[in-house]
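Chain by chain, the residues:
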Amino acid sequence: MKKLPIIFIISLFFFFVILVVSRNEIQMVVGENSPAAEGSSSLSQVQSEEKKELPPPKHYQVKQTTSEVRIDGVLDEAAWKEAPVLNDFYEYLPGDNIPPPVDTECLVTFDTNKLYIAFRCFDPEPRKIRAHLMDRDAIDTFIQDDHISIIIDPFNDERRGFQFRVNPLGVQADANFSELEGYEDFSWDAIWKSAGKITDFGYVVELAIPFNQLRFPQTKEKQTWGFSAMRSYPRSVRHRMISHPRDRNISCLLCQFNKLNGFQGMSPGRNIEFDPTLTSSRTDTREDFPEGSMEAGKVDTQPGLTARWGITPNLILNAAVNPDFSQVEADVAQLDVNIRYALRYPEKRPFFLEGADFFLTPVEIVFTRTVADPLWGLKLTQKSGKNALGVFATGDRVNNLIIPSNIGSFPVSLDQDVFGGVFRYRRDVGRGSTLGVLYTRREGEDYYNHVLGIDGFLRLSRTNTFSLQYLHSETDYPDDLAVDIGQETKWFGGNALAAEFLHMSRNWYVSANYRNLTSGFRADYGYIPRVDIQRAQGLIMHTFWGKPQGWFTQLNFGILGTRVEDHDGNLTDQMVMLMANYNGPLQSSVAFYGYRMKEYFNEVTYDLDRVEMDFEIKPRGGLRINFLGIYGDGIDYSNSRPATLLDLIPGIEFNLGRHFNVSFNHTLERLWLKEGEVFEANLSQARLIFHFNVRTFFRAIVQYTDLTRNPDLYFLPVESKERHIFTQFLFSYKLNPQTVLFLGYTDNYLGQTGIDLTQKDRTFFVKIGYAWTL
C-alpha cells in the first residue's frame, strides 16, 4: 500500500488536464425535471467550439393512418402522401453539419399495430450504389454498403434507443443502443419487415416495425418520441448524413434527436410469442486416435421452447424450457498460444440478448457466456418512467468458472448443476444521470458466489461525465477445486471499485479512470480475468478535422498512460503509449502506436518496447483490405524469460457481384530468442458465402492452425508440431430471426509430431425454429 499515492497522483494529473481542457464548458446538470418530458433538450441548444450557433432539432407532427401500407419498396399508398417528410439533412462526418452531397427524404407514419418508415435516397449516379446480399446485421461491417438507419427513443428520456438499418436490397440490421455505456449491440434481433428497391433516381426503402417489438410508455395521452434518421453514402469517403444537427461539442447522441409528436392509440396486441425449436445432431468420433476408425454417435434430438410475453408495452417476460442455445456461427478463431488470461467470446444467443443493456455496468459483472448448458431460463425486464428493472434466473448443467489472479487466469468447468440469478435496478436522475444496484448469485454443490454492488453515472456537463461502481463478493469453491488451485477451503470475500472521468468534445478526448479489485474478488456470472490490481489509467487525444474531399478527413494524436500495482504495492504493469491515426480518401485509415512498458511476471520485471501499425482501405465498393503488424519485446510466458515477438495479421474481403462474398485472414505469431525460434503459430481462416436472396445463403468456413515449437528451448516437454483443421458448411434460411432452418456439417482434423492430419470428429446437425406470434 505504500505506493498507492503514486496512482492517485497520476489520476489527479489527468483530472487536472480535463478541467483545463473544459474550463469554459462546465455546466452542472441538476434537477429532477427532464427536458425530455417537455419535448426538447437544453443540451442540444449550445454553441459549437467555433461559437457558431446550430439550429435546434426540429419537431414533427405524426398522425395515425387508416390506409393499408404494403412493404414492397414502392411508395404509392395514401399513407405516404399524408406522412410528414424529414428532408433537412446534415452531413456530420466527415463534414461538420455541412450540406450533404445528396438529398434524402424520410417519411414517418403509424397505425394501431405498426410504425412505418420510408426513405427516398436520391443519387446522381445510381449505378455506383453499393448494395449486396448478406446476412442480417452485416450491413455496416467491413464492406459497408449504402444504407439508411433510424434510432427510436420511445420513452424520450435520451438514455436508450432501438436502431434499425436497411440497405438498398432490403437487408436488415437491428441493435440496442444505450447512451450511458456507449453500448451498440447488433446481436439483438427484432421481427420486422423491410423492402428496398434501386430506382433511376437512387433507391427507396420501406420498414414496418410492430409495436410489440418495442418498449414504450403505457399511457392514453399523446406521446413524444425521440427520432433520428441517418444515411450512409460510402464512396471515396463515407459520407454520413443525419436529420438534425450533431454538435461535436456534445458527447450525448440521443439528446440531439428530432422529436415526433402525436403517438397515441398504439397497441402491441396480445404481445405473446412462442418460439419452438427442434435441434438434432450426431457426432462421430475416433475414440482410438489416430489409428481407430470413426465410430458413429447417437442422434441427439432436443426440442425446446422459448416464450416472450409483453405483459405491458414496457414490461417483458421471457421464459425458456430446454432452450436451444446452440450457435451455428463459428466463433472467431483466436490463437491461445503464449497468453496469460482466459479468452473472451461474445454472446450471440437470443434469450440472453433480450434487454441485455439493462444489466450493463462499468465492471463486467454479467457475462452470460458463463451459462453453458441451461435446462431452463426465466427473465423479466421493465422500463417504467425513471425506473429500469431486470431479473433473470437459469438452471445450468455445467458450472463454468474463471480462476483469476494478478498475473494470469484460466477457465475451469465443473460437471455439476448450478443455479443462479441476477437482479438489476436502475433509477434515472436528472438530465442524463443514473443510480443503480446489482446483485448476482450462483450456487451448486459445495459452491456459491454472491456479488452485490451499487453504481452511478453522472452527466456533469455537455462534454463531461463521471461513473462510479463499488462491489463486494463472497465465494466458496468445492474443496477439491480449492486444493487444486491453492485456494483456502473455506469462503472468502473481496471488493471492487471502478471510477472514470470522461471528457469528449470536438477536438479533445480525455479520460482518467481508476480500478481496484482485491485478490478475493470473484464475479462468476461475469468476465473478470484479473484481480489483485490497483490500476490508474489516463488518455489524452487531440483530433484535427479535415475536409471531405481533402487529403485527410481526420487526424488523431494521443498519449495513454497506465500503471498497475498489486495490493502489496508492487508494480506489475506500466505502459506509456504514443499514437497517431490518419483517415483519408478511399476510406483508408492508418494508425501507428509506440509502447514503452514494464510487466511483472513470475517474480521478474521486464522492460518492453514495442511498435504497432494498423491499416485498412476500401478502394471500391465490395472490397476491403486490412493489415495489423506488431513487433518488439515480448515475454515467453511458458519459460519465464524475455523474447522478441512478431505478429502479422493481413486480411481481405471482397464481393463477386451481389451474391458472392469471399474473405480470408491470416495470423502469424513468432517468438524467438538469441538461441533460436521458440515457436511459430499460423492461423488461417477462409470463408465463402453465396446468398441466394435476402433470406437464404450457403456458407463454407475453413480454419487451419499450424503450431511449430522448438522443444530444445522449452523447460518442460512439448509437442514440436501441432496442426488443426476445422471446417463448417451451413445452409441457412431465415424468414425472420426466429423462423429458421439450418442444415450443417462440421469436422475437426488433428495432427501432431509423427501423426499426419487425421479426422478426429465430425458432426451433422439440423435446426428448425418457428416464431408463432399471437
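The paragraphs below set out a description of the structure included in this document.

1. Here we look at the pairing of strand E40 (residues 755-769)
The pairing of strand E15 (residues 272-285) with E40 spans 9 bridges and is classified as antiparallel. By the bridge assignment for E40, Thr 285 is matched with Asp 761. The turn linking strand E39 (residues 740-752) back onto E40 is made up of 2 residues, and Gly 754 within it adopts a positive phi angle of 80 degrees.

2. Quick notes on the state of the cysteines
Throughout the structure, instances matching the rule amount to 1 disulfide. Through a disulfide, Cys 252 is tied to Cys 255; the S-S separation comes to 1.9 Å. Judged by the sign of its S-S torsion, about 75 degrees, the cystine formed by Cys 252 and Cys 255 is right-handed. Residue Cys 252 shares its accessibility class with Cys 255, and that shared class is buried. With no disulfide partner, Cys 106 has as its closest neighbouring cysteine sulfur the one in Cys 121, 9.0 Å distant. Relative accessible area serves as the criterion here: at 0%, Cys 106 is assigned to the buried category. Judged by relative accessible area, which is 0%, Cys 121 ranks as buried.

3. Some remarks on the side chain of Asn 513
In this structure, Asn 513 sits in strand E27 (residues 508-517). A distance of 3.2 Å separates the side chain of Asn 513 from the side chain of Arg 535, its partner in a polar contact. Apart from residues no more than four positions distant in its own chain, Asn 513 is found in contact with Ala 499, Glu 500, Arg 535, Ala 536 and Gln 537.

4. Some remarks on the layout of surface pockets
Considering only enclosed or pocket space, the second largest pocket measures out at about 820 Å³ in volume. Taken together, 38 residues form the lining of the second largest pocket, with Ile 191, Trp 192, Lys 193, Leu 735 and Asn 736 sitting closest to its centre. Of all the secondary-structure elements, those providing two or more residues to the lining of the second largest pocket are strand E10 (193-198), strand E37 (696-709) and strand E38 (721-734). It is E10 that provides the largest number of residues to the lining of the second largest pocket, a total of 3 residues. Tallied by class, the residues present in the lining of the second largest pocket amount to 16 nonpolar, 14 polar and 8 charged.

5. Looking at the sheet that holds strand E11 (residues 202-210)
Spatially, 5 strands are ordered E2-E4-E5-E11-E10 in an open sheet, and the strand pairing comes out antiparallel. Every other strand in the sheet has two partners, leaving strand E2 (85-86) and E10 as the edge strands with one partner each. Pairing analysis gives 9 bridges linking strand E5 (residues 114-122) to E11, with the strands arranged antiparallel. Counterpart to Cys 121 in the pairing with E11 is Tyr 203.

6. Some points on the nonpolar core
Here is a general trend for soluble globular proteins: nonpolar side chains tend to be buried in one another's company. In this structure, Phe 119, Phe 164 and Phe 227 are the most contacted members of the largest nonpolar core, which totals 38 residues. With sequence-adjacent residues up to four places away left out, Phe 227 is seen in contact with Leu 86, Cys 106, Val 108, Ile 117, Ile 150, Ile 151, Ile 152, His 244, Phe 257, Asn 258 and Leu 260. Grouped together as the second largest cluster of nonpolar side chains are 25 residues, Phe 352, Val 371, Ala 388 and Tyr 525 included.

7. Details of the side chain of Asp 145
With respect to the element layout, Asp 145 can be found in the loop between E5 and strand E6 (147-153). Within the local environment of Asp 145, its side chain forms a polar contact with the backbone nitrogen of His 132, the two atoms lying 2.6 Å apart. Excluding residues that lie within four positions of it along the chain, Asp 145 makes contacts with Arg 130, Ala 131, His 132, Met 134, Ile 139, Asn 167, Ser 232 and Pro 234.

What counts, and at which threshold
- Residues numbered from 1 in each chain as written.
- Predicted model: local features only at pLDDT ≥ 70, side-chain atom pairs only at ≥ 80, totals over all residues.
- Heavy atoms only, no water.
- Pairing = 2+ DSSP bridges.
- Helix = DSSP H or I, 4+ residues; strand = E, 2+ residues; numbered from the N terminus.
- Disulfide = S-S within 2.5 Å.
- Buried < 20%, exposed > 50% of the residue type's maximum accessible area, 1.4 Å probe, protein only.
- Polar contact = N/O pair within 3.5 Å; in protein donor to acceptor, adjacent residues only side chain to side chain.
- Contact = heavy atoms within 4.5 Å.
- 1 Å grid on protein atoms, 1.4 Å probe; cavity = no way out; pocket = protein on both sides within 12 Å on 5 of 7 lines; lining within 4 Å.
- Points joined across faces, edges and corners; volume = space filled by probe spheres on them.
- Nonpolar A, V, L, I, M, F, W, Y, C, P; charged D, E, K, R; others polar.
- Core = buried A, V, L, I, M, F, W, Y, C linked by side-chain atoms within 4.5 Å.

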